[in-house]
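# Summary of the model geometry
Residues per chain, in single letters:
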Amino acid sequence: MDTKLGNWGGARKQNLLVILALLLLEFHLHVSSVSTDALEKVYIVYMGGKKYEDSETTKKSHHQMLSTSLGSKQAAKSSILYSYKHGFSGFAARLTESQAFEIGNFPGVVHVIPNRIHKLHTTRSWDFIGLSHHFSQNILAEGNMGKGTIIGVIDTGVWPESESFEDRNMGPIPSHWRGICQEGQHFNSSNCNRKLIGARWFVKGLRAEIKRPINTTDNEDFLSPRDGVGHGTHTASTAAGNFVEKANYRGLAQGTARGGAPLAHLAIYKACWGIATGGCTDADLLKAFDKAIEDGVDIISLSVGSGIPLFSYVDQRNSIAIGSFHATANGITVVCSGGNDGPKLQTIENTAPWIITVAATTIDRAFPTAITLGNHKTVWGESIDTVNHNQGFTGLTYSERIAVEPEKIPAMDCQDGSLNATLAAGKIILCFSASDTQDIASASISVHNAGGIGLIFAESLNDGLASCNLIPCIKVDFEVGTQILSYIRRTRSPSAKLSFPKSVIGRWESPKVATFSSRGPNTMTPTVLKPDIAAPGVDILAAYPPADPKHSSGYALQSGTSMACPHVAGIAALLKSVHRNWSPAAIRSALVTTASQTGTSGNKIFEDGSTIKAADPFDIGGGHVDPKKAMDPGLIYDTSTEDYIQFLCSTGYSNTSITHLMKNPRISCMGNNNLARNLNLPSIAIPNLKRKVTITRKVRNVGCTNSIYKAIMQAPNGIKMIVKPKILNFSSTIETLTFQVTFSTTGKVYGGYKFGSLVWTDGEHVVRSPIAIRSTILYPNV
């Protein structure tokens, strides 16, 4: 009996323990659920167009909505980061998931979405595209060098002491400017002048994302408009830097540096940071757009992207599309970079039809660098490193010969820790690119850490040069790299001498589409051809924070569509300076329809990718920007805000989601599905031609009053093309005319896109629209 009682007691204890464990588990799950729900994140509450003209009334409505949800005014005040109240209505706030869901059901709220982080994407380039200040009769003179216009640059800030931002010869600050010079760390109101007329900084969105105090003592960045990264300084000076004589990068690329519109004014909006992993949050970008609209800028330059896959244009996660829509609706031209994920197709970013999307090209300048081998044979590469050179012959070896683990691939491209320090010491190391994660700069660190004194880095064709700083680096292609490797393999004691690079211009066929430049077609709305235009973006010299703090000004060579974007922004400012009444769409039209299709040799522009081919509209849009011709385009394809609204309607967005974009409640969808392809763009893209399609376009004469334009067609291969009417007669009473183009398939073979063009000419002007068409197979009974 004692045994039974003992067993029963043990079983009872076991049951109690199981019950207790279950209760603890349930409690833990409950606490975890509460903790998850209580975890605050930044959400953006987007409410579309402004309901109130008074910004303070709009702000109060935001606080009232938050107070209703959170229970008190104090809770609302501590929750809110930004109130968007100038170009559009909305706010960014710290909310739990349940609070965000609740607010999403409030009247007037369009979207509530979590905050995200976006990534950041000259002395010769302006002369190269025909914008030389040495000649009186060019667009610089005609455009008053951008005088009276304001370019807003949303980026990483500015280094105000740079000579590019001095205000000599600058005119007065335009009367339509309403901005400020916001102070902060190492930046005060005296840093602004008649060139740099305003500066603001926005960090609340990023601070909420990284969830830790920002330690500026580690030189991560400056809590002010001051640029700790360099990207913003470079783009701002490219767009509108003042004239700086004898600018150079370590003696290379010497000349007069200036922006595209050297007498335009600059307004800086720092929304991108070098803190933590770096980048630009949706909340900060939207606030920058909101303030730029309020401040009265004429042009916005933004070299930032979100990557593939793209979000829809009415999705608040696409903060660039939303912010640029409201800017465009306020008459501000927005220019964006197209991304650096080329040469792969379907990688183009910033594809909204109201944005001018820019691809990157090369210019006719290079930095050839001689490599003399021990057998006195000379091969050539490229470099921008002019320091730490050893003048004489030095031991040369191949990275795999000195690998720590010879069987491992990392040694081929000199990954960190892969090289034997004893064998690398004092030698020049040859490395071959073997992965996307290793580039010449990171390889140079590995070589330097192993004791090497120089790097020859062989890689497939890839535009743009990086400075290695620690040791001299020379980039070669695989052919040259193989020649050097063959020499090493057949020589007992191989050696080499690295020469200094030289700046050489005019000897290379250019422009070519940069390898890194993202390509179309547009994956969000294939009927909108992207990119729009191409501009210089490889090895562009522009202002940069100085490496030595004792110096106030520095210059650097940078590559990317980030550098191409401000080129077009500067040209847009020149156009705006002369044509003050032109809309953003008119400016885009002038740029696209006058762009060049040929390079310096007179041949077609080519693209550098997996195969070398003639560039098509998915590489360069309308072509390479031609500032002089854009000043007098002859005809303009204009587009209104309501046109964009109806375009969005035709692409399947709901009436409610679209009408919230504007404060005018009378705008409603017409239900015309053809508007997707009939949006009045200066280009034509038809992604699914089955039998026959007719598109409509409208042009406005901005040239001589009495003009006659004739159509010249270059139909895509396998496509029949008919234009009606073929002749457009303009007069003092007829300024705008409409025409139709009918496309029909002529062959039985279907597949990829084919390209062509439609040109209107009066004998003086050539108004060219690029065309991209893809035929699709009609299956029986489908």
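Details of the structure are given in the entry above.
In this report, we go over the structure that sits alongside the text. Only a predicted model underlies this, so the values are computations on that prediction, with no experimental measurement involved.

### Considering the pattern of salt bridges
- Applying the stated rule across the entire model yields 15 salt bridges.
- With a shortest N-O distance of 3.3 Å, Asp298 and Arg580 are connected by a salt bridge. One end of the pair, Asp298, is in the loop between α9 (282-295) and β12 (299-302); the other, Arg580, is in the loop between α14 (561-578) and α15 (584-593), and 282 residues separate them in sequence.
- Owing to a relative accessible area of 8%, Asp298 belongs among the buried residues under this scheme.
- The exposure class of Arg580 is partly exposed, given its relative accessible area of 38%.

### Some details on the state of the cysteines
- Applying the stated rule across the entire model yields 4 disulfides.
- Here Cys181 pairs with Cys192 through a disulfide, and the sulfurs are 2.0 Å apart. Its S-S torsion of approximately 80° makes the covalent link between Cys181 and Cys192 right-handed. Separated by 11 residues along the polypeptide, Cys181 in the loop between β6 (150-155) and β7 (196-201) and Cys192 in the loop between β6 and β7 bring together distant segments of the chain.
- You can call Cys181 buried: its relative accessible area is 18%.
- Each sulfur in the disulfide pair Cys468 and Cys473 lies 2.2 Å from the other. Because the sign of the S-S torsion sets the handedness, a value of about -125° for the bond joining Cys468 and Cys473 places this disulfide among the left-handed ones.
- Take Cys473: its relative accessible area is 2%, and that puts it in the buried class.

### Brief notes about the packing of α9 against helix α10 (residues 319-329)
- Two elements in contact, α9 and α10, have axes separated by 9 Å at closest approach and are oriented at 10°. The angle between α9 and α10 falls in the class roughly parallel. Along the contact surface, α9 presents Asp282, Leu285, Leu286, Phe289 and Ile293, while α10 presents Ser319, Ile320, Ile322, Gly323, Ser324, His326 and Ala327.

### Some details on empty space enclosed by the protein
- Looking at the largest cavity, its volume works out to about 80 Å³.
- Surrounding the largest cavity, Ser306, Leu310, Phe311, Tyr313, Asn318, Ile320, Ala321, Asn350, Thr351, Ala352 and Ile355 form its lining.
- Partitioning the lining of the largest cavity into residue classes produces 7 nonpolar, 4 polar and no charged.
- Counted as a void, the second largest cavity has a volume near 50 Å³.
- Partitioning the lining of the second largest cavity into residue classes produces 5 nonpolar, 2 polar and 3 charged.

### Here's the deal with the sheet that holds strand β31 (residues 635-636)
- Here 4 strands make up an open sheet; going across it, the order is β31-β33-β37-β35 and the pairing antiparallel. Single-partner strands in this sheet number two, and they are β31 and β35 (719-724).

### Side note on the pairing of strand β17 (residues 368-373)
- Taking burial as the measure, the 6 residues of β17 include 6 buried ones, the bulk of the element.
- Two elements, β17 and strand β18 (residues 378-382), share 5 bridges in a ladder whose sense is antiparallel. Paired with Thr369 across the bridge in β18 is Gly381.
- The hairpin formed by β17 and β18 contains 4 residues between the paired strands, and His376 there has a positive phi angle of roughly 70°.
- Relative to strand β23 (residues 495-498), β17 is paired through 3 bridges, and the arrangement is antiparallel. Looking across to β23, one finds that Ile371 is bridged to Leu498.

### Observations concerning the pairing of strand β22 (residues 473-476)
- Alternating residues of β22 divide into Cys473 and Lys475 and Ile474 and Val476, and every residue in both groups is buried.
- Where strand β21 (residues 454-458) meets β22, 4 bridges bridge the pair, whose relative direction is parallel. Residue pairing for β22: Leu455 is matched across the bridge by Cys473.

### Some thoughts on the environment of Cys431
- By secondary structure assignment, the location of Cys431 is in strand β20 (residues 428-432).
- Taking the C-alpha atoms as reference points, Cys431 and Ala443, separated by 12 residues in sequence, lie 8.0 Å from one another.
- What Cys431 contacts, discounting residues up to four positions off in sequence, is Ser399, Met412, Asp413, Cys414, Val447, Leu455, Ile456, Phe457 and Ala458.

### Concerning helix α12 (residues 440-449)
- Taken together, the buried positions of α12 are occupied by Ile440, Ala443, Ser444, Ser446 and Val447. In an axial view of α12, the angular spread of the buried residues amounts to 160°, which keeps them on one side of the axis.
- Of the surrounding secondary structure, the elements contacted by the buried residues of α12 are β20, β21 and β22.
- Where α12 starts, the residue carrying a side-chain oxygen 3.3 Å from the main-chain nitrogen of Ala441 turns out to be Asp439.

### A word on the side chain of Thr515
- Position of Thr515 relative to the elements: it lies in the loop between β25 (512-513) and β26 (533-536).
- Ignoring any residue separated from it by four or fewer positions in sequence, one finds Thr515 in contact with Gly342, Pro343, Leu461, Asn462, Asp463 and Asp608.

### Things to note about unusual backbone geometry
- Between Gly342 and the following residue, Pro343, the backbone shows a cis peptide bond with an omega angle of 5°.
- Within the secondary structure layout, Pro343 lies in the loop between β14 (333-337) and β15 (356-361).
- In this model, Lys530 is joined to Pro531 through a cis peptide bond whose omega is 0°.
- Position of Pro531 relative to the elements: it lies in the loop between β25 and β26.
- Here the phi dihedral of Lys246 falls at roughly 60°; this positive angle occurs in a residue that is not glycine.
- If you trace the backbone, Lys246 turns up in strand β8 (residues 244-249).

So, how was this worked out
- Residues numbered from 1 in each chain as written.
- Predicted model: local features only at pLDDT ≥ 70, side-chain atom pairs only at ≥ 80, totals over all residues.
- Heavy atoms only, no water.
- Salt bridge = Lys/Arg side-chain N within 4 Å of Asp/Glu carboxyl O.
- Helix = DSSP H or I, 4+ residues; strand = E, 2+ residues; numbered from the N terminus.
- Buried < 20%, exposed > 50% of the residue type's maximum accessible area, 1.4 Å probe, protein only.
- Disulfide = S-S within 2.5 Å.
- Axes fitted to C-alpha atoms, helices over the stretch in contact; angles between N-to-C directions.
- Parallel < 35°, antiparallel > 145°, perpendicular 65-115°, else oblique.
- Contact = heavy atoms within 4.5 Å.
- 1 Å grid on protein atoms, 1.4 Å probe; cavity = no way out; pocket = protein on both sides within 12 Å on 5 of 7 lines; lining within 4 Å.
- Points joined across faces, edges and corners; volume = space filled by probe spheres on them.
- Nonpolar A, V, L, I, M, F, W, Y, C, P; charged D, E, K, R; others polar.
- Pairing = 2+ DSSP bridges.
- Arc of directions from axis to C-beta.
- Polar contact = N/O pair within 3.5 Å; in protein donor to acceptor, adjacent residues only side chain to side chain.

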